[in-house]
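Geometric and topological summary
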Amino acid sequence: MVVRTRVNGEWREADVWPGASLLTMLRDSLGLFGSKNACEQGECGSCSVWLDGKLVCSCLVLAPQAHEREVRTVESLGAAAMNPVQEAFIEAGAVQCGFCTPGFIVAVTDLLQRDPAPNEISVREALSGNLCRCTGYQKILDAVALAARRIREPST
Amino acid sequence: MSVRIGIRGGIGESVRRVDGEPKVKGDFEYASDLSREGMLWGATLRSPHPHARIRSIDIQAAVSSPGVLAVLLAGDVPGKKTHGLDEADQPVLAWDVVRYAGEPVALVAAEDLELAREALKKIVVDYEVLPAVTDMEAALSPDAPRLHGKANNIIRSLRILHGNPDAKADVWVEGIYETGMQDQAPLGPEAGLAVPAADGGVDLYVATQWLHVDQDQIAPCLDLPREKVRLHLGGVGGAFGAREDLSMHIHACLLALRTKRPVKIVYGRQESFYGHVHRHPMRIWMRHGANRDGKLVNVQAYLLSDGGAYTSTSGPVIGNATSFAAGPYEVPNARLEGTAVFTNNLPCGAMRGFGAVQATFAYEAQMDELARALEMDPLELRSRNALHTGTVMPTGQLVSGAAPVRELIDRVAVLPVPPDEPAPDRDPMLLPGGAGHVGHGESLKRGIGFAVGYKNIGYSEGFDDSSQAWVRLSRDRDGPLARVKTAAVDVGQGLDTIVTQIVRTELGVERVALEQPDTRIGSAGSSSASRQTMMTGGAVQLACRAVREELDRQGGLERLNRPIEASRTYHHRVTGKLDENGQGDPHVTFAFAAARAVVEVDTELGLVRVVQLAVAQDVGRALNPQSVYGQIEGGSAQGLGLALMEEIELTDGKVRNASFTDYLIPTILDMPPVVSELIEEPEPGVPFGAKGVGEFSTVVVPAAVAAALRQATGRAIHRIPVKPDDLAGLRPALAYRKPPGS
Ligand code: FES
Ligand code: FES
């Protein structure tokens, strides 16, 4: 079936199997490989995208559910210049293999849009659906704190 | 050599990762992101039985299934039918017998993944189920089914006899310890793309740890000369040992060569649990004897490891575990024995820590037990026995490099401990079990535990190990530029960044470009055993020095007009095999670490919160401090996982938890802050004096967490991962009995 979705501001059409996930559609039909496929079971957050502005695991959304809706992926961030979250992840050393990184970038960007000054416990809660196997999360927490500070005080 | 000044981004600086920007933007191309015009998808049919004879396989329905281009069985493998790292005993596709549940039996290539999976369901395999042996002790019994038709199921047995192994001691403690089967669980799945070439060969783009050892195994199975099987590195989403053995490599090549189209194979998470080797479960018997004054006199150990169905690296893993079984201590007398066996469980092989993790859990539990028996402070006991430069290990090997064991203990002990907040004042997320905590924190007990451990850097026991690097220095419009090529794999640990730092320091140029690793250059060896900074770092340094010499002859960077290039190979010092009494010079060098865990246990619910982990590590010299801390933190998380939650649960050889829903790895809620201290005592004879750093926190953290849980609960903890039942006293501890065959 043909699904029509606005992806990163542009209307796109994809001919997909009705059982395909939004993640599969993004990756294999639309060639957007930024969203990752670490579990395809809703457990790791590596496939995080926005569907009509709401953070979702794209592996748990059926492609047809995205018909006539708006999807934003990691590719929408930092195309011109990196956003403060992306900058902070590099600077704080929060990237190792990087497979979890796109999902974290989307999830942290989402969190800081909702709450520009989260305390550590709410950061941990907000990111508890994003697995990282490499970093032990400490530098990810550092990156979130750094990004939040930069967003609040852009000159620092 | 001329003076180099003012170059930023050299060694010793926390330089930003070279691949940071593409990774945060989602632009970095992992092996699972590869695609080609006309690409097919491959899928693998796996055995549901841990041990069975294949009577027949009917592929008719699959062949005519929609979108299917090829269905392959063992008979379609044109060359050698088996592969393996140390022993080629693993079938590319099983033909007569399957030896573990999950073993590949048939392959399909189809227009898309769904069609390939549909076709797999139509393959009919008639199995005659055979008796399976799924316990490592049972595998030793003379009546056990023998997996490979040999006299017994033993993969390797070794013993290390040191001093007088029958020496008497004043005080003895003994125990049996067990560790579970841990999954490396890299987030990037096994993935690769095989592209048939005009010359009848194949190009394989794949996520791996060692391109050349893959090539060596793939080519004979395809019946192609080595040079017609070209490997190229695909982006790697973590490895931790899981990518040392082949997974989809030969399968994708077979399908591509048969269909004459590019074929991609990507494992799903469930398949990934079957598709790579795991950390060996071990059962370890130990007896420690000491004098009244707390000096170790004699250590007796018997280590048994479950190698699963095929050899993989079970030999070196049990060799490592056994050679480290007495711990980083001065031990005058020892009898250390190790045996690895075949069972019908998933094959086991390399994982971060490579045998040292299991041994450390056991000997550190023993050290605490001994301290109790001697009524001595456990850190004092460790310090009193600490190994140091000049110590002779039980293998007879002299520790000649830096060995700051005492200093590590002292440093980790004084790191600040977080204050103990009363439960009612806390956010519920800070109770053991977090939001799932059903009480009010009435039965909370805090515990603090320590562990010290060590492991080798680089390949051991006489392995001829090397890495090649090529460096070319030229000038373009923007100034001097160094290009570097090696076959070494950055699995995420940050090697590529380290290489650029080394080049800047050695050549004094700012611009360094790395070429994509492939098999057109000589082997770099594996991104394993914490060896790449030493090996490939060493090769890059040598190549740079050769370029530098020529540059100096030409009058320095200012005069650089025609390109200068050099290629060099680095070898570490030669090591030796162990003799029949386990004596020799097996390891290149060592690194040491100490950990302290602060835990809080709800003793009624059996729930745990790790409050803090502290690690002091002997790093020689930190070439990129931020990335060293990152390795320590990430390694600590995997250690915490092994201590508290990570275990592949097998019932009669079948995996019960092959998903991230059921196999739990630490989340951001499980991980406490990790405080780390680096001890920089440059290692003689090693490039820049830098020791490898990847594995050592994983070696010590599980033992430290277990020690802290013992202190909090007063219970004997003999098995990791520790389950709530153990902490609430619902499962009895393992009682000592004699090791098999004694
Ligand atoms: S891939 Fe979607 S949550 Fe893991
Ligand atoms: S950086 Fe590798 S999974 Fe997070």
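Residues numbered from 1 in each chain as written. Chains lettered and ligands numbered in written order. Predicted model: local features only at pLDDT ≥ 70, side-chain atom pairs only at ≥ 80, totals over all residues. Heavy atoms only, no water.

With that out of the way, let us pick up the domain arrangement of chain B. Residues and elements named next belong to chain B. In terms of domain boundaries, chain B breaks down into domain 1 (3-31 + 466-571), domain 2 (34-130 + 197-238 + 243-273) and domain 3 (386-449 + 587-727). With centres defined by C-alpha atoms, the gap from domain 1 to domain 3 works out at 34 Å. In this complex, domain 1 contributes 18 residues to the contact, which on the side of domain 3 involves 19 residues. Buried surface at the junction of domain 1 and domain 3, both sides included, amounts to about 1,400 Å², of which 60% is carbon and sulfur. Of all elements in the fold, only helix H11 (495-507) and helix H12 (532-554) reach the threshold of two or more residues within the side of domain 1 that touches domain 3. Looking at which element gives the most residues to the side of domain 1 that touches domain 3, the answer is H11, with five residues. Counted by class, the side of domain 1 that touches domain 3 contains seven nonpolar, nine polar and two charged residues. (Domains from an automatic or database assignment. Contact = heavy atoms within 4.5 Å. Buried area = accessible area lost by both parts, 1.4 Å probe. Helix = DSSP H or I, 4+ residues; strand = E, 2+ residues; numbered from the N terminus. Nonpolar A, V, L, I, M, F, W, Y, C, P; charged D, E, K, R; others polar.)

Our next topic: the packing of aromatic side chains. Between two aromatic rings, the relevant description is the distance of the centres plus the angle of the planes. Residues and elements named next belong to chain B. Under the criterion given, the structure shown has 17 aromatic pairs over all chains. Between Trp-210 and Phe-463, the aromatic rings sit 6.4 Å apart at their centres with planes inclined by 70 degrees, giving edge-to-face as the arrangement. Here Trp-210, found in the loop between strand S12 (202-206) and helix H4 (211-222), pairs with Phe-463, found in the loop between strand S20 (444-457) and strand S21 (466-476); they are 253 residues apart in sequence, far enough to count as distant. The buried category is assigned to Trp-210, whose relative accessible area is 14%. Pairing Tyr-454 with Phe-590 gives two aromatic rings, centres 5.7 Å apart and planes at 45 degrees, and the pair type is tilted. Remark: Phe-590 occurs in strand S25 (residues 589-602) and Tyr-454 occurs in strand S20; sequence separation between them is 136 residues. Of the residues examined, Tyr-454 reaches a relative accessible area of 1% and is grouped as buried. (Phe/Tyr/Trp six-rings, centres within 6.5 Å; stacked < 30°, edge-to-face > 60°. Buried < 20%, exposed > 50% of the residue type's maximum accessible area, 1.4 Å probe, protein only.)

Between chain B and chain A, the residue contacts involve 57 residues of the former and 48 residues of the latter. Carbon and sulfur atoms make up 59% of the area that chain B and chain A hide from each other, which totals about 4,300 Å². It is Val-24, Leu-187 and Ile-668 of chain B that lose the most area in chain B upon contact with chain A, and together they represent 19% of the buried surface on that side. Across the chain B-chain A interface, the total number found is six salt bridges. Where chain B meets chain A, there are 27 residue pairs in polar contact (both at pLDDT 80 or more). The residue makeup of the side of chain B that touches chain A, split by class, is 27 nonpolar, 18 polar and twelve charged. (Salt bridge = Lys/Arg side-chain N within 4 Å of Asp/Glu carboxyl O. Polar contact = N/O pair within 3.5 Å; in protein donor to acceptor, adjacent residues only side chain to side chain.)

All names here are of chain A. As for its position among the elements, Leu-30 is in the loop between helix H1 (22-29) and strand S3 (48-51). Along the sequence, Leu-30 and Gly-103 sit 73 residues apart, while their C-alpha atoms lie 18 Å from each other. Residues contacting Leu-30, with those up to four places away along its chain left out, are Val-7, Arg-12, Glu-13, Ala-14 and Met-25.

All names here are of chain A. With respect to the secondary-structure elements, Ser-48 resides in strand S3. Judged by its relative accessible area of 5%, Ser-48 falls in the buried class. One polar contact links the side chain of Ser-48 to the main-chain carbonyl oxygen of Gly-45, over a distance of 2.7 Å. Among residues more than four places away in sequence, those in contact with Ser-48 are Ser-35, Leu-55, Val-56, Gly-103, Val-106 and Asn-130.

In this section: H11 of chain B. Residues and elements named next belong to chain B. When the terminal C-alpha atoms of H11 are compared, their 18 Å separation across 13 residues agrees well with the 18 Å that a helix rising 1.5 Å per residue should span. With eleven of 13 residues buried, H11 lies mostly within the body of the structure. Those residues of H11 lying buried are Leu-495, Thr-497, Ile-498, Val-499, Thr-500, Gln-501, Ile-502, Val-503, Arg-504, Glu-506 and Leu-507. Downstream of H11 by one or two residues, Gly-508 has phi in the positive range, about 70 degrees. (Expected span 1.5 Å × (residues − 1).)

With that out of the way, let us pick up the sheet that holds strand S10 (residues 171-179) of chain B. Residue and element names in this part refer to chain B. The strand order S9-S18-S17-S16-S10-S30 describes an open sheet built from six strands, whose pairing is mixed. The open sheet has two free edges, formed respectively by strand S9 (154-162) and strand S30 (719-720), since each of these has just one partner strand. Across nine bridges, the pairing between strand S16 (residues 282-290) and strand S17 (residues 296-306) is antiparallel. In the sheet register, Met-286 faces S17, and the bridge partner there is Ala-301. On the sheet, helix H8 (residues 356-374) packs against S10, S16, S17 and S30 and is oriented at approximately 150 degrees with respect to S10. (Pairing = 2+ DSSP bridges. Axes fitted to C-alpha atoms, helices over the stretch in contact; angles between N-to-C directions.)

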